[in-house]
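Geometric and topological summary
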Amino acid sequence: MFLTNLAVLVLAGFVGYAVISKVPTTLHTPLMSGTNAIHGIVIVGAMLLLVTDAAHGVLSKILLVVAVAFGTINVVGGFLVTDRMLEMFKAKPSAEATRPDDDEGS
Amino acid sequence: MIVGTALTGATTRELLYIVSFSLFIYGLSGLTGPKTAVRGNRIAAAGMAVAIIATLLQPDPSNMWLIALGVAIGVALGVPAARRVKMTQMPQMVAIFNGVGGGAVALISWVEFRSTDGFAAVSTHIVVFSLFAAPIGMISFWGSTIAFAKLQDLLPGRPLTIGRLQTPLNAALAAAVVACAVAIVAGAHSEALIVALLIASAVLGVLVVLPIGGADMPVVISSLNALTGLAAAATGVALDNTSLIVAGMIVGASGTILTRQMAAAMNRSITSIIAGGFGGTSESAPMTGPGGIVHSASPADVAIQLAYARQVVIVPGFGMAASQAQYAMREMTKLLDANDVQVKYAIHPVAGRMPGHMNVLLAEAEVPYEQLVEMNDINPEFPRTDVALLIGANDVVNPDARSNPQSPLYGMPILDIDKAQSIIVLKRSMRPGYAGVDNPVFTDPKTSMLFGDARESLDSVTQALKELVTAPA
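The shown structure was predicted, so the numbers you read here are calculated from the model rather than taken from an experiment. Note on numbering: residues in each chain are counted from 1, in written sequence order. Numbering of ligands from 1 and lettering of chains from A proceed in the order in which they are written. Local features in a predicted model are, by the rule used here, given only for residues with pLDDT of at least 70; side-chain atom pairs are given and counted only at 80 or more, and totals for whole chains, interfaces and linings are based on all residues.

**Considering the overall build of chain A**
Of regular secondary structure, chain A possesses 4 helices and 0 strands. Traced from its N-terminal end to its C-terminal end, chain A shows the element sequence α-α-α-α. To assign burial, the other C-beta atoms lying within 10 Å of each residue's own C-beta are counted, with C-beta atoms placed from the backbone; 20 or more indicates buried, 12 or fewer indicates exposed, and intermediate counts indicate partly exposed. Here chain A, with 106 residues, has 56% of them falling under the buried criterion. The long-range share in chain A, meaning contacts at least 24 apart out of those at least 6 apart in sequence, stands at 71%. A run of H or I in DSSP counts as a helix once it spans at least four residues, and a run of E counts as a strand once it spans at least two, with each numbered from the N terminus. Two residues qualify as being in contact provided that their C-beta atoms, derived from the backbone, are within 7 Å of each other.

**Some points on the overall build of chain B**
Along chain B, the regular secondary structure elements total 17 helices and 6 strands. C-alpha extents for chain B along the principal axes are approximately 95 × 50 × 35 Å. Counting every position in chain B, which comprises 473 residues, the buried fraction comes to 53%.

**Description of helix α9 (residues 242-265) of chain B**
Relative to the 34 Å expected for 24 residues at 1.5 Å per residue, α9 of chain B spans 34 Å between its end C-alpha atoms, a close match to the ideal helical length. Counting buried residues in α9 of chain B gives 21 out of 24 residues, a clear majority hidden from the surface. For a helix, the expected span equals 1.5 Å multiplied by the residue count minus one.

**Some thoughts on the domain arrangement of chain B**
Where each domain starts and ends follows an automatic or database-derived domain assignment. The assigned domain composition of chain B is domain 1 (1-84), domain 2 (96-278) and domain 3 (288-470). On a C-alpha basis, the centroid separation for the pair domain 1 of chain B and domain 3 of chain B is 45 Å.

**Some remarks on the pairing of strand β2 (residues 342-347) of chain B**
Residue and element names in this part refer to chain B. Each pair of strands is called paired provided DSSP finds at least two bridges between the two strands. In the sheet, strand β1 (residues 311-316) pairs with β2 via 4 bridges, with the strands oriented parallel. Each bridged residue has a counterpart across the sheet, and for Val313 the counterpart in β2 is Lys344. Look down the strands so they point away from you; if going from the first strand over the helix to the second traces a clockwise path, that crossover is right-handed. The parallel pair β2 and strand β3 (residues 372-374), bridged by helix α14 (residues 357-364), forms a crossover whose chirality is right-handed.

**Brief notes about the nonpolar core**
Counting residues in each nonpolar core, the largest one holds 190 residues, and the members touching the most others are Ala46 of chain A together with Ile250, Val315, Leu390 and Ile391 of chain B. Sequence-distant contacts of Ile391 of chain B, defined by excluding residues within four places in its chain, comprise Ile314, Val315, Pro316, Gly317, Gly319, Met320, Ala325, Met329, Leu426 and Ala454 of chain B. We define the nonpolar core as any set of buried residues of the types Ala, Val, Leu, Ile, Met, Phe, Trp, Tyr and Cys, connected via C-beta atoms lying within 7 Å of each other.

**With respect to the interface of chain A and chain B**
Contact with chain A, which involves 83 residues of that partner, is made by 98 residues of chain B. Elements with a contribution of two residues or more to the side of chain A that touches chain B: α1 (2-19), α2 (28-38), α3 (42-51) and α4 (58-90) of chain A. Broken down by element, the residue count for the side of chain A that touches chain B peaks at 29 residues, all from α4 of chain A. All amino acids are sorted into three groups, where Ala, Val, Leu, Ile, Met, Phe, Trp, Tyr, Cys and Pro are nonpolar, Asp, Glu, Lys and Arg are charged, and the leftover types, Gly among them, are polar. When its residues are assigned to classes, the side of chain A that touches chain B shows 48 nonpolar, 27 polar and 8 charged.

**Focus on the environment of Val237 of chain B**
Summarising the element assignment, Val237 of chain B is placed in helix α8 (residues 217-239). What makes Val237 of chain B buried here is the crowd of 26 C-beta atoms within 10 Å. Once residues lying within four places of it in the same chain are set aside, the contact partners of Val237 of chain B are Asn5 and Leu9 of chain A together with Phe129 and Ile245 of chain B.

**Digging into the confidence of the model for chain A**
Residues and elements named next belong to chain A. Per residue, pLDDT measures the predictor's confidence, with a range of 0 to 100. Per-residue confidence for chain A gives a mean pLDDT of 83, with 84% of residues at or over 70. Averaged pLDDT values over the elements of chain A bottom out at 90 in α2 and peak at 96 in α3. The low-confidence segment residues 93-106 (pLDDT under 50) makes 7 contacts with residues lying over four places distant or belonging to another chain.

**Some points on unusual backbone geometry**
All names here are of chain B. We note that Asp153 has phi near 65°; this positive angle belongs to a residue other than glycine. As for its position among the elements, Asp153 is in the loop between α5 (124-151) and α6 (166-185). Residue classification places Asp153 among the exposed positions, given that 10 C-beta atoms sit within 10 Å. Located in the positive-phi region is Asp340, a residue other than glycine, with phi close to 70°. Secondary-structure assignment places Asp340 in the loop between α13 (326-338) and β2.

**With respect to the sheet that holds β2 of chain B**
Pairing between sheet strands relies on hydrogen bonds along the backbone, with the strands arranged either parallel or antiparallel. Residues and elements named next belong to chain B. Strand order across the open sheet formed by 6 strands is β3-β2-β1-β4-β5-β6, with parallel pairing between neighbours. Across the chains shown, the open sheet's two edge strands, defined by having one partner strand only, are β3 and β6 (447-451). Within this sheet the neighbouring strands show an average axis-to-axis angle of 25°, counted without direction. Note: strand β4 (residues 387-391) against strand β5 (residues 422-427), 5 bridges, orientation parallel. Residue pairing in the sheet places Val387 in a bridge with Ser422 of β5. Its contacts with the sheet put α14 on β1, β2 and β3, and the angle it makes with β2 is roughly 145°. Angles shown run from 0 to 180 degrees and are taken between the N-to-C directions of axes, each axis being a line fitted to C-alpha atoms and, for helices, limited to the stretch in contact.

**Focus: the packing of α2 of chain A against α9 of chain B**
At a minimum axis separation of 9 Å, α2 of chain A and α9 of chain B run at an interaxial angle of 155°. In terms of orientation, α2 of chain A lies roughly antiparallel with respect to α9 of chain B. The crossing of α2 of chain A and α9 of chain B is left-handed. Mapping the contact onto sequence places His28, Leu31, Met32, Thr35 and Ile38 of chain A in α2 of chain A and Ala247, Val251, Ser254, Gly255, Leu258, Gln261 and Met262 of chain B in α9 of chain B. Tallied by class, the residues present in the contact of α2 of chain A with α9 of chain B amount to 7 nonpolar, 5 polar and no charged. Oblique is the label for any angle not under 35 degrees, not over 145, and not in the 65 to 115 range, which are roughly parallel, roughly antiparallel and roughly perpendicular in turn. The hand of a helix crossing depends on one turn: near helix anticlockwise from the far one by less than a right angle means left-handed, and clockwise means right-handed.

**Points about the pairing of β1 of chain B**
Side chains on a regular strand alternate between the two faces of the sheet. Residue and element names in this part refer to chain B. Across the 6 residues that make up β1, a large majority, 5, are buried. Note: β1 against β4, 5 bridges, orientation parallel. Along β4, the bridge assignment pairs Pro316 with Ile391.

**Quick notes on the confidence of the model for chain B**
All names here are of chain B. Mean pLDDT over chain B stands at 86; residues scoring 70 or higher make up 92%. Looking across chain B, the model is least confident in helix α10 (residues 270-275), with a mean pLDDT of 73, and most confident in helix α3 (residues 64-84), with 96. Considering only residues more than four positions removed or in separate chains, one finds that residues 277-290, a stretch of pLDDT under 50, has 37 contacts. Interface confidence for the predicted complex, expressed as ipTM, amounts to 0.86; the pTM equals 0.81.

**Here's the deal with the environment of Leu426 of chain B**
Considering the arrangement of structural elements, one finds Leu426 of chain B in strand β5. Ignoring any residue separated from it by four or fewer positions in sequence, one finds Leu426 of chain B in contact with Leu390, Ile391, Gly392, Leu450, Ala454 and Ser457 of chain B.

**Some points on the packing of helix α4 (residues 90-115) of chain B against helix α7 (residues 191-209) of chain B**
All names here are of chain B. Following both chains from N to C, one finds α4 and α7 inclined at 170°, their axes separated by 10 Å at the closest point. One way to sum up the angle between α4 and α7 is to call them roughly antiparallel. Side by side, α4 and α7 meet where Ala106, Trp110, Phe113 and Arg114 of the first sit next to Glu191, Ile194 and Leu198 of the second. By residue class, the composition of the contact of α4 with α7 is 5 nonpolar, no polar and 2 charged.

In structure tokens:
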């Protein structure tokens, strides 16, 4: 089990490397924000410990609720903010197709 | 029978995790192109939803109310923040979202320690991964918090150091973290050890980011982002969860590359950034300096210069965005467009506060995408540019980066604005830029300065332009 996980870990590293090899500077900010949202996956870890009742004691449960809240902020906030940024790149030309033609002089 | 259902449940969960990380990888590959990016982000979000549903699909779920409580708190804090944040404040928002993710990792490791009585009867490799995740998550949380505070101006953006003690203290803290971890792996079960480990990591996170200057912050946020990814992957190994391993690791790997690309765009090595002190050497490097003569101009002067130019290149900087001047600028450039003046925007790779940040800000003001020109394409055009108009940018046009080896900016690729026929600078005051160094462009004889709030200045220039254009020839 451990070795399988280790294999998955190494392979995922290469996948991440391959996917990001060439990104235009324009997209660095949204990309950073997008990958940021993806590591919000830690929320799954906190939920897992709660839902399988692996943690006992009040302090442990409080810590996990905080962890779930943190994870939620990471996930929801991250994806929302990335979406807002990317929407702005979507607004596309059409309007300025006419602009370069009006050079009859003033 | 019961074993049977539990098994199929576990298989379903594993299958859903595979679906979820496939969606992450597919979505992430979409994020690397402008056309597929919006969809890519949403696909990744769908992957997250699948992973969460899979996790909650348990034969005998406990603590569902506590989970709902955590999610509700997270939504209540995260959603309004994400909706309201201004595009100019994006870097610090990303920093804080990253930080809480790291915090969650650290808390999970702590709870694992508690719930197994100090990793009693847990195999060593699991303990090692969990103890890797804990300090990295904590460093990421506190480092990101400091990055947030600096970008939000809650702390000064300049490097804050504690002098010579800095390096030995950091080393001592790192040694303390490792010592606690080794003791726990060796079989010590005292909770004081893990608490000490977390505290030492927290202090280390604060101390590592404090001396880093504001201009380097994007690289710091990006590297902390990669670290949180790695910590999440380690947590995944400790919890035997494929989804965490894959998602964490692809963020760790892609984040590392992104960090290197950003650092390359700024011509900074990651080690020299972490070593800190960017902008801190300005007092030891006297330059052509603030003693030079500054020519100031009125909005009407600026309007005349612009109206009779053939080509105007605008260099927008964070100062423009900070005073929300991009809309006023767009109004002005519409007039210039109508008056047959060729307008282009020179985009430095690190304009704004993160690579690509300026493109977001200009897209928000509906500046035509074709008018945005990247640094390497615009630089050869400056000699035949009549007016270079600098709006709230500073360090990215500092010629000292080309010619003065003493300057802390030396070596950073810049926009060759000093080669333009004339230069107009819209600036609030003579204050130096974010890196805290002087800029000889301001005292250049062909430079005129229009002081004041960028938006108000642009409004007055637009007004003056209107009068010029409509006046009978």
